[in-house]
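So the chains spell out like this:
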Amino acid sequence: MQFNEVVRARRSVRAFRPDPVAPEVLREVLGTACLAPSGTNIQPWKVHVVTGDARRRLEEEVLAHRDTRPADDRAEFPRTSKRKEPYTSRMRALGKDMYGRIGIPRGDEAASWQQWGRNYRFFDAPVGLIFTIDKDLDAMSFLDIGMFMQTLMLAAKDRGLDTCAQGAWNMFWTVTRRVLSIPDDEYIIAGMALGYADHAHPVNGVVAPREPLEQVVTFHE
Ligand SMILES: Cc1cc2nc3c(=O)[nH]c(=O)nc-3n(C[C@H](O)[C@H](O)[C@H](O)COP(=O)(O)O)c2cc1C
């Protein structure tokens, strides 16, 4: 695919087929992600690739922990669920579209909680990725790992694979840290599901709209 086609074809996929990702394809995609830029080229990204029994164990332990709704489900570093406009409206529009497509009515907290829990099964993708950076790096390194993740998502799309970036993995981080033996001096930033999309699943019909350029750009001349 041409670059523009890859960018436009990438979408967050939240239902995957069980088909495995060939190890050489996975390594190639990860290798391309390593070409992402980083401030002063420090390349702060670290990735845990979770498949097979390791993935099953991670999913089971996180979901069991989550079901108890423990107090430590807050994010590892400051985040907020309180948004102001225009962000609230954009977030709600996404939720309305997504939950509408899979028949979860507004206000059905139990069903929403269950659907959100599919994050912790990597939406049935064969490969799960967990991204970390050292805690003593500054905010620029959060940009660096974001660029790594986007490069990875585009490289995956170029190979016919699909992805979903998952901030959800920044919650329940105590369990993830223990199960994957992630050192205490690293932040668990996010996760990602990687595999082949189940195009028949209604959740994958979600198309997240974008704001017009005028909303985003200020030209200074
Ligand atoms: C940093 C980041 C975290 C995200 N976390 C989640 C998540 O936990 N679960 C999820 O279903 N989607 C998650 N997404 C996907 C976004 O909802 C999605 O990128 C957005 O709605 C735009 O849609 P698109 O990716 O299809 O273009 C995340 C995306 C990013 C960039």
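Higher on the page you've got the structure.
Here the structure is a predicted model, which means the values were calculated and not measured.

1. Description of the pairing of strand S2 (residues 127-134)
Okay, so step 1: Of all 8 residues in S2, 7 are buried; the element is thus mostly enclosed.
Okay, so step 2: Sheet topology note: the strand S1 (residues 46-50)/S2 ladder contains 5 bridges and is antiparallel. Looking across to S2, one finds that valine 47 is bridged to phenylalanine 131.

2. Quick look at the site of the ligand
Okay, so step 1: Around the ligand sit 15 residues in total, of which Ser12, Arg14, Gly167, Ala168 and Arg210 are the nearest.
Okay, so step 2: Within the contact set of the ligand, an oxygen atom lies 2.6 Å away from a side-chain nitrogen or oxygen of serine 12.
Okay, so step 3: Between the ligand and arginine 14, the relevant distance is 2.6 Å, taken from an oxygen atom to a side-chain nitrogen or oxygen of the residue.
Okay, so step 4: Protein chains shield 69% of the accessible area of the ligand, which is 630 Å² for the free molecule.
Okay, so step 5: Broken down by element, the shell around the ligand gets its largest block of residues, 3 residues, from strand S3 (residues 162-166).
Okay, so step 6: In terms of residue class, the shell around the ligand is made up of 7 nonpolar, 4 polar and 4 charged.

Definitions and limits used
- Residues take numbers from 1 onward in each chain, read along the sequence in its written order.
- Since the coordinates come from a predicted model, pLDDT governs what is reported: local features require at least 70, and pairs of side-chain atoms require 80 or more to be given and counted, while whole-chain, interface and lining totals use all residues.
- Only hydrogens and water are removed before side-chain values are computed, so all heavy atoms of the structure are retained for them.
- Using a 1.4 Å probe on the protein chains alone, a residue whose accessible area is under 20% of its type maximum counts as buried, one over 50% counts as exposed, and one in between counts as partly exposed.
- Starting at the N terminus, helices and strands are each numbered in turn, a helix being any DSSP run of H or I of at least four residues and a strand any DSSP run of E of at least two.
- When DSSP finds two or more bridges between a pair of strands, those strands are recorded as paired.
- Whether a residue is near a molecule or strand is decided by its heavy atoms; if any one of them lies within 4 Å of it, the residue is near.
- Any pair of nitrogen or oxygen atoms within 3.5 Å is treated as a polar contact; in protein, a donor-acceptor pairing is required on top of that, and neighbouring residues in sequence qualify only through side-chain atoms on both sides.
- Every accessible area reported is derived by Shrake-Rupley at a probe size of 1.4 Å, with residue values counting cover from the shown protein chains alone.
- Note on residue categories: nonpolar means Ala, Val, Leu, Ile, Met, Phe, Trp, Tyr, Cys or Pro, charged means Asp, Glu, Lys or Arg, and polar means any other residue, Gly included.

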